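Tertiary structure, described
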Amino acid sequence: MTNADPHELRKFSDLAHRWWDPNAEFKPLHELNPVRLAWIDAHAHLPGKRVLDVGCGGGILSESMASLGAQVKGIDLSNQALGVADLHSLESGVTVEYEEIAAEALAAREPGSYDVVTCMEMLEHVPDPAAIVKACATLVKPDGWVFFSTLNRNVKSYLLAVIGAEYIAQMLPKGTHDYARFIRPSELAGFARAAGLREVEVKGIAYRPLGKHFSLSDDTSVNYVFACRRDG
């Protein structure tokens with residue numbers, strides 16, 4: 001069985017045509033992307049690296065990593081999102097290889113093939129996040145980097161990420177997130193250790209409403225990013 005929720009796939013597929021509109025539903029991703037890109041590059045030094053973007057969607061992060069000189073492959077299970085990603089790649093002239101395939105299937109086909117694996121804003125949307133973490137660990141080369149981002153599970157994250165972002169500020173469409181699938185940093189660290197990954201850094205992502213921008217912080221209580229390596 002594919003490690004995917006049909007409802008989640010349909011939800012993002014229905015919005016695929018708006019992926020690259022910086023003022024539409026994916027506006028937060030556009031605003032967050034420079035922060036997460038700089039953080040990934042600071043650790044992994046992307047130019048010249050072979051990079052896999054798991055759950056790439058319409059390709060916002062994939063294209064930005066390719067623009068820095070990485071050789072990027074993006075995978076997703078939404079055919080509609082990948083179609084948008086391919087079209088935008090042609091329009092922008094930034095080369096990214098896209099494929100509709102599950103991370104677990106690619107891990108069986110191409111183990112140890114990538115210098116860097118990213119899986120951002122995806123783990124909280126799948127039935128078995130530990131299996132995705134394991135697949136990412138299998139796909140990366142020894143000494144390679146794996147990066148995740150997701151949402152912490154606590155009262156504060158529910159109030160801010162669900163009630164605040166979806167219902168009050170309307171930064172995200174209602175129903176974007178299922179609180180029950182949020183993942184505590186300790187849980188993600190456990191998934192990583194079980195998959196043979198070593199935790200390197202965990203940082204929170206803060207949103208500044210007045211300036212309307214994101215930044216890294218030491219507060220991991222809501223959104224957070226998680227860097228780890230596969231030891232050689």
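Residues numbered from 1 in each chain as written. Predicted model: local features only at pLDDT ≥ 70, side-chain atom pairs only at ≥ 80, totals over all residues. Heavy atoms only, no water.

Quick look at the sheet that holds strand β8 (residues 223–230) now. If you trace the eight strands from one edge of the open sheet to the other, you get β3-β2-β1-β4-β5-β8-β6-β7, paired in mixed fashion. On the outer flanks of this sheet lie β3 (97–100) and β7 (213–217), each paired with one strand and no other. With strand direction ignored, the average angle separating the axes of adjacent strands in the sheet is 20°. Summarising the sheet, strand β1 (residues 50–54) and strand β2 (residues 71–76) pair through five bridges and their orientation is parallel. By the bridge assignment for β2, Arg-50 is matched with Gln-71. Here helix α8 (residues 185–194) sits on the sheet in contact with β5 (140–151), β6 (197–208) and β8, set at roughly 20° to β8. (Pairing = 2+ DSSP bridges. Helix = DSSP H or I, 4+ residues; strand = E, 2+ residues; numbered from the N terminus. Axes fitted to C-alpha atoms, helices over the stretch in contact; angles between N-to-C directions. Contact = heavy atoms within 4.5 Å.)

Moving on: the environment of Val-117. Locating Val-117 in the fold gives a position in strand β4 (residues 114–120). The buried category is assigned to Val-117, whose relative accessible area is 0%. (Buried < 20%, exposed > 50% of the residue type's maximum accessible area, 1.4 Å probe, protein only.)

Throughout the structure, instances matching the rule amount to zero disulfides. Cys-119 takes part in no disulfide bond, and the closest cysteine sulfur to it belongs to Cys-136, at a distance of 4.7 Å. (Disulfide = S-S within 2.5 Å.)

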